[in-house]
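Spelled out from the first residue to the last, the chains are:
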Amino acid sequence: MDNQKPPFPEEQLSRKQYREQLAQKRAAGQEEEGGEQTRQHYAQDQEGKSREEKTAVLKRKLNIAIVGLIVAIIIVYLVLFFVG
């Protein structure tokens, strides 16, 4: 058990030092653990999409919503016709 590393480094960092260390890592191009996209990266990706791509995605979502509503209306009419 003596060979195990302590959970924290021997030298404790203050919050300011930790933030500076993170800023240096980001400046060097190293990504944070987890690999999640930041809001800035997501916004840049969205700006990169052309207007036509965004329109196509919205059209597809709208078509799915319309079909879902039509199917729901038909189911309601069938239920009312056979039950009532």
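Below is a summary of the structure that appears in this document. (Residues numbered from 1 in each chain as written. Predicted model: local features only at pLDDT ≥ 70, side-chain atom pairs only at ≥ 80, totals over all residues. Heavy atoms only, no water.)

### Re the overall build of the protein chain
The cut-off we apply is this: Each helix corresponds to a stretch of at least 4 residues labelled H or I by DSSP, and each strand to a stretch of at least 2 residues labelled E; elements are numbered beginning at the N terminus. Per-residue accessibility, obtained with a 1.4 Å probe over protein chains only, is compared with the maximum for each type, and a residue is labelled buried under 20%, exposed over 50%, and partly exposed between these values. Residue-level accessible areas treat just the shown protein chains as cover; the underlying method is Shrake-Rupley with a 1.4 Å probe.
When helices and strands are counted, the protein chain shows three helices and zero strands. A burial count over the protein chain gives 0% of its 84 residues as buried. Carbon together with sulfur atoms contributes 57% to the accessible area of the protein chain, which is approximately 9000 Å² in total.

### Some thoughts on the packing of aromatic side chains
Put simply, the test is: Pairing of aromatic rings covers Phe, Tyr and Trp, the last through its six-membered ring, and needs centres within 6.5 Å; plane angles under 30 degrees mean stacked, over 60 mean edge-to-face, and all others mean tilted.
What the rule picks out here adds up to one aromatic pair. With centroids separated by 5.1 Å and ring planes inclined at 80°, the aromatic side chains of phenylalanine 81 and phenylalanine 82 adopt a geometry described as edge-to-face. A relative accessible area of 62% places phenylalanine 81 in the exposed class.

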